[in-house]
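Residue-level listing of the chains:
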Amino acid sequence: MPVSLSGQLVVAISSRALFDFEDENRLFDQGRDDRAYMKHQLKRLDEPAKPGVAFSLVRKLLAFNSPDQPRVEVVILSRNDPVSGMRVFRSARHYGLPIQRGVFTRGESPYRYLRPLQAHLFLSANEADVRSALLEGVPAARVLPHSARAGEAHPFEVRIAFDGDAVLFSDEAEQIYQSGGLDAFQLHEQERAAKPLPAGPFKPLLQALHDLQQRGHQLASADEQRMRIRTALVTARSAPAHERAIRTLMDWDIEVDEAMFLGGLPKGEFLREFEPDFFFDDQTGHVDGAAPHVPAGHVMSGVSNPIVEVLG
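Residues numbered from 1 in each chain as written. Predicted model: local features only at pLDDT ≥ 70, side-chain atom pairs only at ≥ 80, totals over all residues. Heavy atoms only, no water.

Engineer: I'd like a rundown of empty space enclosed by the protein, residues and numbers included.
Structural biologist: For the coordinates displayed, the defined rule picks out 1 cavity of 30 Å³ or more. Its volume calculated, the largest cavity comes out at about 40 Å³. Considering the residues around the largest cavity, the lining is formed by Lys 60, Ala 150, Gly 151, Glu 152, Ala 153, His 154, Glu 275, Pro 276 and Asp 277. (1 Å grid on protein atoms, 1.4 Å probe; cavity = no way out; pocket = protein on both sides within 12 Å on 5 of 7 lines; lining within 4 Å. Points joined across faces, edges and corners; volume = space filled by probe spheres on them.)

This is the structure in structure tokens:
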């Protein structure tokens, strides 16, 4: 029988998002010589790469699996060459990450393989690949390799924080804010408080995480130390615009564990207290502000990230 990933949460991740290959990347950028890069990686084949910005997220998600119940699949999707891919797989094995599938394209964009994978998330340090994935309807974020690494305080909890507008929700309200200002935005959202917002690019991921959590509850025995998921909505919205966001999640029948309506306050210190394994936001200012505190990724969607940037 053919193998299927149906029913699993599928995460596609670049080697540079999973591991710290920044020194190697600088070597490539200096000479644009992929053969020198391959030689460098081959010399270090038995030297495990250090964990990268998304390492904690991947390690914890894979811990949802059991020998008889696969629930999460992680696939390396990388512009690396196949030779360098050997070091990626060996590094994964060194850290006990059961990753067995990978696609290595030697400089070509790998995003087109997201469709056959039916990926729920794509993480990469390459801006063009992330933009292409989002245009294909795949939740995707450009990781900031210099971001702080996740802490060790919650070993049995996957913690993920999401911005609202243009991430979980569409950018409908954000467009009103940018064109008419805060008062117009608040009035628009107050008048439509009972009308659910359209889905944004990361709604499918939130749904998949919700489903994973529910299956974990159903399948775990009473005395089993099981992995859990804790989610947070971290948004610049404030009352009265908070109500439409909450009602939208209720309409989707998806719960988040925490909601922070910060009314424009910097998000970084609040995220530091939440301690996520990853934070997703569409605005560079919020992502840059979060990166010194937590692993962060830029969701290049919505009015703050116009399509002309993709083409130019």
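Engineer: A description of the packing of aromatic side chains should follow, citing residues and the corresponding values.
Structural biologist: A full pass over the atoms with the stated rule returns 11 aromatic pairs. An angle of 65 degrees between the planes, with centres 6.4 Å apart, marks the rings of Phe 162 and Phe 202 as edge-to-face. Of this pair, Phe 162 sits in strand S8 (residues 157-162) while Phe 202 is found in the loop between helix H8 (172-191) and helix H9 (203-219), placing the two residues 40 residues apart along the sequence. No difference in accessibility class separates Phe 162 from Phe 202, as the two residues are buried. By way of ring pairs, the aromatic residues Phe 19, Phe 21, Phe 55 and Tyr 95 are connected into one cluster. The ring of Phe 274 carries the charged tip of Arg 159 above its face, separated from the ring centre by 5.2 Å. The ring of Trp 252 has Lys 203 sitting right over it, with the charged end atom 5.1 Å from the ring centre. (Phe/Tyr/Trp six-rings, centres within 6.5 Å; stacked < 30°, edge-to-face > 60°. Helix = DSSP H or I, 4+ residues; strand = E, 2+ residues; numbered from the N terminus. Buried < 20%, exposed > 50% of the residue type's maximum accessible area, 1.4 Å probe, protein only. Lys NZ or Arg CZ within 6 Å of the ring centre and 35° of its normal.)

Engineer: Lay out helix H5 (residues 82-94) in plain terms, naming residues and giving numbers.
Structural biologist: End to end, H5 covers 19 Å across 13 residues, agreeing with the expected 18 Å (1.5 Å per residue, within 8%). Among all positions of H5, only Ser 84, Gly 85, Arg 87, Val 88, Ser 91 and Ala 92 are buried. Angularly, the buried residues of H5 cover 155 degrees about the axis, an arc narrow enough to put them on a single face. In H5, the exposed positions that point more than 90 degrees away from the buried face belong to Pro 82, Arg 93 and His 94. The N-capping residue of H5, defined by a side-chain oxygen 3.0 Å from the backbone nitrogen of Val 83, is Asp 81. Just downstream of H5 lies Gly 96, where phi reads positive at about 75 degrees. (Expected span 1.5 Å × (residues − 1). Arc of directions from axis to C-beta. Polar contact = N/O pair within 3.5 Å; in protein donor to acceptor, adjacent residues only side chain to side chain.)

Engineer: Could you give an account of the sheet that holds S8, naming the residues involved and the relevant values?
Structural biologist: On the basis of which strands lie adjacent, the open sheet formed by 10 strands has the order S5-S4-S1-S6-S7-S12-S11-S8-S9-S10 and mixed pairing. In this open sheet, the two strands that pair with only one neighbour each are strand S5 (101-104) and strand S10 (258-261). Put simply, the sheet's adjacent strands are angled 25 degrees from each other on average, direction ignored. Here strand S9 (residues 228-235) pairs with S10 via 4 bridges, running parallel. Note that in S10 the partner of Val 234 across the bridge is Met 260. The strands touched by helix H4 (residues 55-62) within the sheet are strand S1 (9-13), strand S4 (72-78), strand S6 (121-124), S8 and strand S11 (278-281), with S8 carrying the most contacts at an inclination of about 130 degrees. (Pairing = 2+ DSSP bridges. Axes fitted to C-alpha atoms, helices over the stretch in contact; angles between N-to-C directions. Contact = heavy atoms within 4.5 Å.)

Engineer: Break down the pattern of salt bridges for me, citing the residues and quoting the values.
Structural biologist: Under the defined criterion, the tally for this structure stands at 21 salt bridges. In this structure, the salt-bridge partner of Glu 22 is Arg 16, at a minimum N-O distance of 2.8 Å. When its relative accessible area of 25% is taken as the criterion, Arg 16 is described as partly exposed. Between Lys 267 and Asp 163 there is a salt bridge; the shortest N-O distance is 3.0 Å. Placement of the pair is Lys 267 in the loop between S10 and helix H11 (268-274) and Asp 163 in the loop between S8 and H8, with a sequence separation of 104 residues. By relative accessible area, Lys 267 is classed as buried at 3%. (Salt bridge = Lys/Arg side-chain N within 4 Å of Asp/Glu carboxyl O.)

Engineer: Help me get a handle on unusual backbone geometry, residues and values and all.
Structural biologist: Note that the residue after Ala 239, namely Pro 240, is joined by a cis bond; omega there is 10 degrees. Inspection of the secondary structure assignment puts Pro 240 in the loop between S9 and helix H10 (242-252). Located in the positive-phi region is Gln 118, a residue other than glycine, with phi close to 55 degrees. Summarising the element assignment, Gln 118 is placed in the loop between helix H6 (114-117) and S6. One non-glycine residue with positive phi stands out, namely Ala 166, at about 75 degrees. Residue class for Ala 166 comes out buried when judged on its relative accessible area of 3%.

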